[in-house]
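Now for the letters of each chain:
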Amino acid sequence: MSRMGDVLAGFHAAWEFESDSVVIRYERGIRTPKLFQALGERRIPFEAIEAVALTPGRRGTVVLRAVPRPGADPLMEAAAGQLKESCDPYRLVLPAERETLAEYYADELRAQLKPEGPAERFVVAAPEVPLRFKAYDGKASFDGKTVSFRWFWTGASSAKWKAGDQSFAIADLNGVEWRSPEVFEGHLRLLRGAESLLPVDQDPAAVVFGLGYGPVHESLPFAAAVLTAVRSGRSVAVVPVARRDPGDIAERIRHLGELHAAGLVTDEEFSVKKAELLAEL
């Protein structure tokens, strides 16, 4: 693989290639998909990648995509193929003039892969907890140990009101069902056993999405975190957000300057990404 620290910058994200993984850092700009902004940064071990593809994109772009192994990433498992192409966190869109550079990195990355079929466990870290979001009929929260639903009187069905607010320990769950809020009957349902499933608007183990409620960038990371805890059979520790080492930030700015000097990063990209790095201090 390329030397540690090599960076390939595209639209809305940059991939940094390390000795055993690809670190994907998403931009925070207003044009960046909200899911990317919510994810912030993800480390994708090589063992989580099944294949790499480079294809022509739209309007003078090329698309570099890492294909995740089934079962390796809780986010993609929870999404179950429902994400729009523009919100695929494994896609990096670049200007067409960078195709040769992108092909180089694609070949380097392919050389590191050892496809072995579906992964037996998640190898990509789940989104950090605590997490919460507002659904149409209630508020969902997850503290790493318990999933809680608190019903809204303006949206919850009478069946949910009669059942009362709900709390579910991770040990009592079998899985999570996430249906995108961007399709009909979007919802998040906690799976508890072999009992027959009620309609989601009647099920006290489910919250219903709606226009503006349960957006992808909030409900999908939530589902992924719960799914990770369920699959591991234990609670998820609440991880405090640590500030970055100033030395690491300085090194990344230095490398960004090298890319800028080589003409691989535009003046605007250099200014924006440098500001983002400084903001992490």
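Here the structure is a predicted model, which means the values were calculated and not measured. (Residues numbered from 1 in each chain as written. Predicted model: local features only at pLDDT ≥ 70, side-chain atom pairs only at ≥ 80, totals over all residues. Heavy atoms only, no water.)

Description of the packing of aromatic side chains
In step 1: In this structure the tally under the stated criterion is ten aromatic pairs.
In step 2: Pairing W15 with F17 gives two aromatic rings, centres 6.5 Å apart and planes at 65°, and the pair type is edge-to-face. There is no split in this pair, since W15 and F17 are both buried.
In step 3: For the pair Y104 and Y105, a centre-to-centre distance of 5.3 Å together with 70° between the ring planes defines the contact as edge-to-face. (Phe/Tyr/Trp six-rings, centres within 6.5 Å; stacked < 30°, edge-to-face > 60°. Buried < 20%, exposed > 50% of the residue type's maximum accessible area, 1.4 Å probe, protein only.)

Description of the sheet that holds strand 7 (residues 91-95)
Strand pairing within a sheet occurs via backbone hydrogen bonds; the two strands may be parallel or antiparallel.
In step 1: An order of 5-6-7 is seen for the three strands of this open sheet, with the pairing classed as antiparallel. With partners counted over all chains shown, the strands left at the sheet margins are strand 5 (49-56) and strand 7, one partner each. The average undirected angle you get between the axes of adjacent strands in this sheet is 15°.
In step 2: With five bridges joining them, strand 6 (residues 61-68) and strand 7 adopt antiparallel strand pairing. Bridge pairing links V62 to L94 in strand 7.
In step 3: Along the sheet, helix 3 (residues 99-110) makes contact with strand 5, strand 6 and strand 7, crossing strand 5 at roughly 165°. (Pairing = 2+ DSSP bridges. Helix = DSSP H or I, 4+ residues; strand = E, 2+ residues; numbered from the N terminus. Axes fitted to C-alpha atoms, helices over the stretch in contact; angles between N-to-C directions. Contact = heavy atoms within 4.5 Å.)

Observations concerning the pattern of salt bridges
Where charged atoms from two side chains of opposite charge approach closely, those side chains can pair.
In step 1: One pass over the structure, following the stated rule, counts 13 salt bridges.
In step 2: Notably, a salt bridge pairs E16 with R25, separated by 2.3 Å at the nearest N-O pair.
In step 3: For R25, a relative accessible area of 14% puts it in the buried group. (Salt bridge = Lys/Arg side-chain N within 4 Å of Asp/Glu carboxyl O.)

Examining helix 3
In step 1: Here helix 3 is twelve residues long and its end C-alpha atoms lie 16 Å apart, about the 16 Å a rise of 1.5 Å per residue gives.
In step 2: Considered for burial, the residues of helix 3 that qualify are A102, Y105, A106 and L109. Taken down its axis, helix 3 places every buried residue within 105° of arc, on the same side.
In step 3: Close packing links the buried residues of helix 3 with strand 1 (6-9), strand 2 (13-17), strand 3 (21-26), strand 5, strand 6 and strand 7. (Expected span 1.5 Å × (residues − 1). Arc of directions from axis to C-beta.)

Concerning the environment of E177
In step 1: Take E177: it is sitting in strand 12 (residues 175-179).
In step 2: Using a relative accessible area of 28% as the deciding quantity, one classes E177 as partly exposed.
In step 3: Distance in space between the C-alpha atoms of E177 and L188 is 5.7 Å, their sequence separation being eleven residues.
In step 4: Of the polar contacts made by the side chain of E177, one reaches the side chain of H187; its length is 2.7 Å. (Polar contact = N/O pair within 3.5 Å; in protein donor to acceptor, adjacent residues only side chain to side chain.)

Quick notes on helix 5 (residues 216-232)
Each turn of an α-helix holds 3.6 residues, which means side chains three or four residues apart point in the same direction.
In step 1: If you check helix 5, its first and last C-alpha atoms are 24 Å apart, about what 17 residues at 1.5 Å a residue would give, namely 24 Å.
In step 2: Following helix 5 by one or two positions, G233 has its phi on the positive side, about 75°.

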